[in-house]
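Structural features, examined
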Amino acid sequence: MAILFSLVARGSVVLAEFTSTATNASAIARQILEKIPGNDDSHVSYSQDRYIFHVKRTDGLTVLCMADDTAGRRIPFAFLEEIHQRFVRTYGRAVHSAQAYAMNDEFSRVLSQQMEYFTNDPNADRINRLKGEMSQVRNVMIENIDKVLERGDRLELLVDKTTNMQGNTFRFRKQARRFRNTVWWRNVKLTIALIVLLLVIVYVVLAFVCHGLTLPTCL
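Not measured: the values here are computed from a predicted model.

**Concerning the overall build of the protein chain**
The secondary structure content of the protein chain amounts to six helices and six strands. Put simply, the protein chain runs from its N terminus to its C terminus through helices and strands in the order β-β-α-β-β-β-α-α-α-α-β-α. For the protein chain, the proportion of its 219 residues judged to be buried stands at 37%. Summarising the internal contacts of the protein chain: among those between residues at least 6 apart in sequence, 65% fall at separations of at least 24. For the protein chain, the exposed area adds up to about 13500 Å²; of that, 57% sits on carbon and sulfur atoms.

**What about helix α2 (residues 74–91)?**
For α2, which comprises 18 residues, the first-to-last C-alpha distance of 26 Å matches the rise-based estimate of 26 Å (1.5 Å per residue) to within 8%. All of the buried residues in α2 are I75, P76, F77, A78, F79, L80, I83, H84, F87 and Y91. One or two steps after α2, the chain reaches G92, where phi turns positive at roughly 55 degrees.

**Here's the deal with helix α3 (residues 104–120)**
For α3, built from 17 residues, the straight-helix expectation of 24 Å at 1.5 Å per residue is met to within 8% by its first-to-last C-alpha distance of 23 Å. Residues of α3 that are buried include every one of N104, F107, S108, V110, L111, Q114, M115, F118, T119 and N120, and no others.

**Comments concerning the pattern of salt bridges**
Counting across every chain of the model gives three salt bridges. Note that R30 is salt-bridged to E17, the shortest N-O span being 4.0 Å. Taken together, the positions of R30 in helix α1 (residues 25–35) and E17 in strand β2 (residues 13–19) put the pair 13 residues apart, joining distant regions of the chain. Exposure remark for R30: the relative accessible area of 29% places this residue in the partly exposed category. We note a salt bridge from K56 to E81, for which the minimum N-O separation is 3.0 Å.

**Brief notes about a nonpolar patch on the surface**
Taken together, the side chains of L190, L194, L197, I201, V205, F208 and V209 present a nonpolar region at the surface, about 690 Å² in accessible area. Structurally, the position occupied by L194 is in helix α6 (residues 166–218). Residue classification places L194 among the exposed positions, given a relative accessible area of 51%.

**Let's talk about the confidence of the model for the protein chain**
Overall, the prediction assigns the protein chain a mean pLDDT of 78, with 69% of residues at 70 or greater. Averaged pLDDT values over the elements of the protein chain bottom out at 50 in helix α5 (residues 135–138) and peak at 95 in β2.

**Some thoughts on the packing of α2 against α3**
At their nearest, the axes of α2 and α3 sit 11 Å apart, and the two run at 155 degrees to each other. What the angle tells us is that α2 and α3 run roughly antiparallel. As α2 runs across α3, the sense of the crossing is right-handed. When α2 is examined against α3, the residues I75, A78, F79, E82, I83, R86, F87 and Y91 are found in contact with a partner set consisting of E106, F107, V110, L111, Q114, M115 and F118. Residue composition of the contact of α2 with α3, grouped by class: eleven nonpolar, one polar and three charged.

The rules we used
- Residues numbered from 1 in each chain as written.
- Predicted model: local features only at pLDDT ≥ 70, side-chain atom pairs only at ≥ 80, totals over all residues.
- Heavy atoms only, no water.
- Helix = DSSP H or I, 4+ residues; strand = E, 2+ residues; numbered from the N terminus.
- Buried < 20%, exposed > 50% of the residue type's maximum accessible area, 1.4 Å probe, protein only.
- Contact = heavy atoms within 4.5 Å.
- Areas by Shrake-Rupley, 256 points an atom, 1.4 Å probe, with all protein chains shown as cover.
- Expected span 1.5 Å × (residues − 1).
- Salt bridge = Lys/Arg side-chain N within 4 Å of Asp/Glu carboxyl O.
- Patch = residues over 30% accessible without salt bridge, like charges linked within 9 Å, V, L, I, M, F, W, Y side chains within 5 Å.
- pLDDT = per-residue confidence, 0-100.
- Axes fitted to C-alpha atoms, helices over the stretch in contact; angles between N-to-C directions.
- Parallel < 35°, antiparallel > 145°, perpendicular 65-115°, else oblique.
- Left-handed = near helix turned anticlockwise from the far one by under 90°.
- Nonpolar A, V, L, I, M, F, W, Y, C, P; charged D, E, K, R; others polar.

Now the structure itself:
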């Protein structure tokens, strides 16, 4: 499961975006922003190949992310909700008049950090399970992207396949770190045991030698 791309926009004006891999998701996301019907608040998802574009629009501010289809809906929309809250809290009314990419230098780092967190940290899903699924997300239907884009206009989604390995790589590193810690502690315990054994042997040898030296005196 991975969130590979995300952006924040006012209408079709992109204010900040971040991608974790080589992909043309940004171009497709712009097409989606231009074609989303109406101006009402909404939660929608559009599928293309094995990837899904999830969109949350609230009070004229749109937050969008692209994830692979194994991510489901809860985590991507929890990510979008978190990003929306952070963006509004950080920039306030400035979002209504900001120029394109005005917040990109600063907020793209936030997008990167939160994409990493919601992709790899199991606490992200655990927290949202405790909160319960957002009622809006339960009713989100995943439609084919052809619903909003004409076939002739639709770009073919290109994604660097090596990115799909990121989640597995993260888990492998975590398991490898745990294994190294286990081996290290085993070596420490073995070293302590050997030191104790050596001290016991030295004590026994010294006791035997001292006993042999004192024996003639006693006679």
